[in-house]
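Residue strings, one per chain:
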Amino acid sequence: MSTKLDRIGAELEKARAKWKEWETRAKDLEVRYREQENQEICGITHSYNLTPDQLAKVLEIVKTMPPESSQAREAMRKVLGEEEQTHEE
């Protein structure tokens, strides 16, 4: 083969090796990102002292309404207020 073709082939193999290395690194970072994200979500949930039932209700509200709407905020206050009263009794 020609020298030029050999050089291009060598560069191609080097690029493929780098690609595999970066692909592995990207997958590792995706896993680490997801783990950190889950830790932060759990931390936020615990900071609000939500019960699993309260959290499920809040997530249902958020899923059905835009979170910035006053209706969503009022519905969440109602759910959380009702649950707090239930737990106090």
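These remarks concern the structure in this document. (Residues numbered from 1 in each chain as written. Predicted model: local features only at pLDDT ≥ 70, side-chain atom pairs only at ≥ 80, totals over all residues. Heavy atoms only, no water.)

A look at the layout of surface pockets
The following threshold applies: Using a grid of 1 Å spacing that covers the protein atoms alone, one calls a set of points a cavity when a 1.4 Å probe fits there but cannot get out, and a pocket when the set is open and has protein on both sides within 12 Å along at least five of seven lines; lining residues are those with an atom within 4 Å of a point. Grid points are joined across faces, edges and corners, and a volume is the space filled by probe spheres set on the points. Strands are runs of DSSP state E lasting at least 2 residues, helices are runs of H or I lasting at least 4, and numbering of each runs from the N terminus. Here the nonpolar group is Ala, Val, Leu, Ile, Met, Phe, Trp, Tyr, Cys and Pro; Asp, Glu, Lys and Arg are the charged ones; every other residue, Gly included, is treated as polar.
Its boundaries defined by the atoms lining it, the largest pocket holds a volume of some 240 Å³. Forming the walls of the largest pocket are Ile-41, Ile-44, Thr-45, Tyr-48, Leu-50, Leu-55, Val-58, Leu-59, Met-76 and Leu-80. Mapped by element, the contributors of at least two residues to the lining of the largest pocket are helix H1 (3–47), helix H2 (52–64) and helix H3 (70–88). Among the residues forming the lining of the largest pocket, the class breakdown is nine nonpolar, one polar and no charged.

Looking at H1
Residue pairs spaced three or four apart in an α-helix point in one direction, given the helix's 3.6 residues per turn. How we decide: Each residue after the first adds 1.5 Å to the expected span of a helix.
The terminal C-alpha atoms of H1 lie 65 Å apart, and with 45 residues this matches the ideal 66 Å at 1.5 Å per residue to within 8%. A positive backbone phi angle near 55° is found at Asn-49, which sits one or two residues after H1.

Some thoughts on the environment of Asp-53
The criterion, for reference: Exposure classes here rest on a 1.4 Å probe applied to the protein chains alone. A residue is buried below 20% of its type maximum, exposed above 50%, and partly exposed in between.
Note that Asp-53 resides in helix H2. The class for Asp-53 is exposed, based on a relative accessible area of 52%. Note: C-alpha distance between Asp-53 and Val-79 (26 residues apart in sequence) is 9.8 Å.

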